[in-house]
Amino acid sequence: MSEFDRIDKFFKPLSGVGANNLQDDVAHIPPYVISTDTIVQGTHFIGDEKPITLAQKLLAVNLSDVASCGGKPYGYTLNICVPKGTTDKWFAEFAEGLKIVNDKYNLQLLGGDTVSGGENIVLSATIFANEPKNNPYRGNAKIGDVVCLLGKIGGGVFGLKSARGEINNKKLLEYYQIPEPNVIEAISINSYINASIDISDGLIADLNHICKASDVGINLNINDIPLVDEIKKYVDEYDDFYEMILQGGDDYVVAITVSQDSVKQVQQEMDNIGKKLYIIGEVINDTNNVRVFDKSGIEKRILKKGYEHK
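The following refers to the structure shown. (Residues numbered from 1 in each chain as written. Predicted model: local features only at pLDDT ≥ 70, side-chain atom pairs only at ≥ 80, totals over all residues. Heavy atoms only, no water.)

1. Let's talk about the sheet that holds strand 4 (residues 109-116)
So the rule is basically this: For two strands to pair, DSSP has to find at least two bridges joining them. Counting from the N terminus, the helices are the DSSP runs of H or I reaching at least four residues and the strands are the DSSP runs of E reaching at least two. Axis angles are defined between N-to-C directions and span 0 to 180 degrees, where every axis is a line fitted to C-alpha atoms and, for a helix, only to the segment in contact. Any two residues having at least one pair of non-hydrogen atoms within 4.5 Å are treated as being in contact.
An order of 1-2-5-3-4 is seen for the five strands of this open sheet, with the pairing classed as mixed. Pairing within the sheet leaves two strands with one partner each, and these edge strands are strand 1 (27-29) and strand 4. In this sheet, neighbouring strand axes are inclined to one another by 20° on average, regardless of whether the strands run parallel or antiparallel. Across seven bridges, the pairing between strand 3 (residues 72-82) and strand 4 is parallel. Paired with cysteine 81 across the two strands is valine 115, which belongs to strand 4. Running over the sheet, helix 2 (residues 51-67) touches strand 2 (32-40), strand 3 and strand 5 (122-130) and is turned about 140° from strand 2. Sheet strands touched by helix 3 (residues 88-105): strand 3, strand 4 and strand 5. Its angle to strand 3, the strand with the most contacts, is close to 170°.

2. Looking at the pairing of strand 5
Sheet analysis places strand 2 next to strand 5, joined by nine bridges and oriented antiparallel. Residue pairing in the sheet places tyrosine 32 in a bridge with asparagine 130 of strand 5. Pairing between strand 3 and strand 5: nine bridges, direction antiparallel. Bridged to tyrosine 76 within strand 5 is isoleucine 127.

3. As for the side chain of glutamine 177
The condition that has to hold: Here's how the labels work: a residue is buried when its accessible area is under 20% of the maximum for its type, exposed when over 50%, partly exposed in between, all with a 1.4 Å probe on protein chains only.
Note on placement: glutamine 177 falls in helix 5 (residues 170-177). Exposure remark for glutamine 177: the relative accessible area of 16% places this residue in the buried category. Excluding anything up to four places from it in sequence, glutamine 177 contacts Glu49, Thr53 and Lys57.

4. A look at the pairing of strand 6 (residues 146-149)
Burial along strand 6 is two-sided: the face carrying Val146 and Cys148 and the face carrying Val147 and Leu149 are both buried. Bridging between strand 6 and strand 9 (residues 253-258) involves four bridges; their strand directions are antiparallel. What sits directly across from valine 147, in strand 9, is threonine 257. The pairing of strand 6 with strand 10 (residues 278-284) spans four bridges and is antiparallel.

Spelled out as structure tokens, the structure:
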């Protein structure tokens, strides 16, 4: 079974009030929204990263989930599993990374657990954010909505290539190791958003979640999708460049749908905080399907939708 089939079969029947049938990455327990995420050595990071970097990535991927609903971060609990013999120096550097994010977002550690055992590092955090006035559930997309991104994508998949030594690009490596979630952007425009999700498993895969939850389709213009500047130099080196961008994860950029009447105001709000809104497509009357077109109106066939845990 796929990751999401498994969730549907085994865990949705156990969900309760605030979980919204496990359709979103956050639970709504007023006055908080709550989300949890785990990163595992060999899956979400290589294993040779510095502890100060791992701490920042762990909190960034959790912050991205609450950013998707426009929640203002408050605090988090932490669970750490490391191999036996992990030194106090490792923990000191890890705590230093936590403090960097704490100071940046005014966060506080609320509790947690540390254990040792196994061969790989497993890190998990549960983050609490103040519930926004508007809850942009994935199931709230409306036909005619404009689909937008709050940042550029592609740095995740190419940053992973740098981490693996396939390319040599320090900026992309930093992008992969320490993402910058759209926390401030999402808070600023929260009242205008209909549906929202953060791009962690790939643009197509994550937008498909909105389609499924809202029973709509989405058409994208591939030429309007904003690319991280550093990856543009690789366009001609990879025949499947755009497929990689559409399928690759680890971008932690928020995708939203807003009504056409609200787009200009959303653009203005983003301008006010020195950020840019990227319009990439529209919500259409279709069934659970993301379609991608080039500038000539020709549809690009995307075989693999994105990353799933098996």
